[in-house]
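Remarks on the overall topology
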Amino acid sequence: MASAGFCRMLAIMAIIFVAGRASADPDMLQDICVADLASAVKVNGFVCKSHTSADDFFSALLAKPGATNNTFGSLVTGANVQRIPGLNTLGVSLSRIDYAPGGLNPPHTHPRATEIVFVLYGQLEVGFITTANVLYSKTIKNGEIFVFPRGLVHFQKNNGRVPAAVIAAFNSQLPGTQTISTTLFGASPPVPDNVLSKAFQISTPEVQKIKLRFAPK
Ligand code: MN
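Residues numbered from 1 in each chain as written. Predicted model: local features only at pLDDT ≥ 70, side-chain atom pairs only at ≥ 80, totals over all residues. Heavy atoms only, no water.

Thoughts on the coordination of the manganese ion
The manganese ion binds to the protein through His108 (NE2), His110 (NE2), Glu115 (OE) and His154 (NE2), with metal-donor distances spanning 2.1 to 2.2 Å. Sequence spacing of the donor residues for the manganese ion, all on one chain, is H-x1-H-x4-E-x38-H. In this pair, His110 is assigned in the loop between strand 3 (104–109) and strand 4 (115–121) and His154 in strand 8 (residues 153–157), connecting sequence segments 44 residues apart. Accessibility classification places His110 together with His154 in one group, the buried group. (Donors = N, O, S within 2.8 Å, 3.2 Å for Na, K, Ca; no water. Helix = DSSP H or I, 4+ residues; strand = E, 2+ residues; numbered from the N terminus. Buried < 20%, exposed > 50% of the residue type's maximum accessible area, 1.4 Å probe, protein only.)

In structure tokens form, the structure reads like this:
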């Protein structure tokens, strides 16, 4: 008969196996499959290109701070398969997010990935909201990390007087981002006013006023 310790070990192994299989992107079937971003052939991900080099696996994209002089006072620089073709089929990517003092990375979701952020410098108020509408939030500073589970709405706000920056890692080559405000008020063609006025319990002029702020450029 198996000992209690052995059973516990089997249970832990099963949990690790299940958690490991819960990765967002499917597994690769070869060592490398550098994305041919120009190919007209559509597959789940990108088709592999035939001539590859070390540069397909390299980027200096995140080396410098991004410009934060915009409405939200933040900028996300994505180092995903669209910028690093070697990431195709590998199931990971990074972003760098820079925040001006007062800057906000507005509430958004990543449909295909869990996100983990590491604070390079500064201090941020971060949070995510569960499907039960419970807010998990915390203030994090340089050297600290926070996790945003896949698909849940989350945000980061720099309440400090100095700039802040994080490196964000994703378990997807292309996590995808839907920013709630832009998705609903900046869609093209537009989401009908009567949908938004009823959803947010506001008047049509108020909907139109918000839509003006998020009009596609
Ligand atoms: Mn995010």
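Examining the packing of aromatic side chains
For the structure shown, the criterion picks out five aromatic pairs. Seen from their ring centres, Phe128 and Phe146 are 6.1 Å apart, and the 45° between their planes marks the pair as tilted. Residue Phe128 is located in strand 5 (residues 123–129), and its partner Phe146 is located in strand 7 (residues 145–148); the two are separated by 18 residues in the primary sequence. This pair shows no difference in class: Phe128 is buried, exactly as Phe146 is. (Phe/Tyr/Trp six-rings, centres within 6.5 Å; stacked < 30°, edge-to-face > 60°.)

With respect to the state of the cysteines
For the coordinates displayed, the defined rule picks out one disulfide. Between the sulfur atoms of Cys33 and its disulfide partner Cys48 the distance amounts to 2.0 Å. Between Cys33 and Cys48 the sulfur-sulfur dihedral comes to about -100°; the bridge is accordingly left-handed. A residue pair is termed long-range when its members are at least 10 positions apart, and Cys33 in the loop between helix 1 (4–21) and strand 1 (74–79) and Cys48 in the loop between helix 1 and strand 1 qualify at 15 residues. In this structure Cys48 comes out as partly exposed when scored by relative accessible area, which is 40%. (Disulfide = S-S within 2.5 Å.)

Observations regarding the sheet that holds strand 10 (residues 178–179)
With antiparallel pairing, five strands are arranged side by side in an open sheet as 6-5-8-3-10. Looking at which strands have only one partner, the edges of the open sheet turn out to be strand 6 (135–141) and strand 10. Pairing geometry for strand 5 and strand 6, over seven bridges, is antiparallel. Note on strand 6: the bridge partner recorded for Gln123 is Lys141. (Pairing = 2+ DSSP bridges.)

Some remarks on the environment of Lys49
Considering the arrangement of structural elements, one finds Lys49 in the loop between helix 1 and strand 1. Using a relative accessible area of 29% as the deciding quantity, one classes Lys49 as partly exposed. As a C-alpha pair, Lys49 and Val34 span 15 residues in sequence and 5.7 Å in three-dimensional space. Once residues within four sequence positions are removed from consideration, Lys49 is found in contact with Val34, Ala35, Asp36 and Asp56. Looking at Lys49, its side chain comes within polar contact range of the side chain of Asp56, at 3.1 Å. (Contact = heavy atoms within 4.5 Å. Polar contact = N/O pair within 3.5 Å; in protein donor to acceptor, adjacent residues only side chain to side chain.)

Bear in mind that shape data such as this cannot, by itself, settle questions of function.
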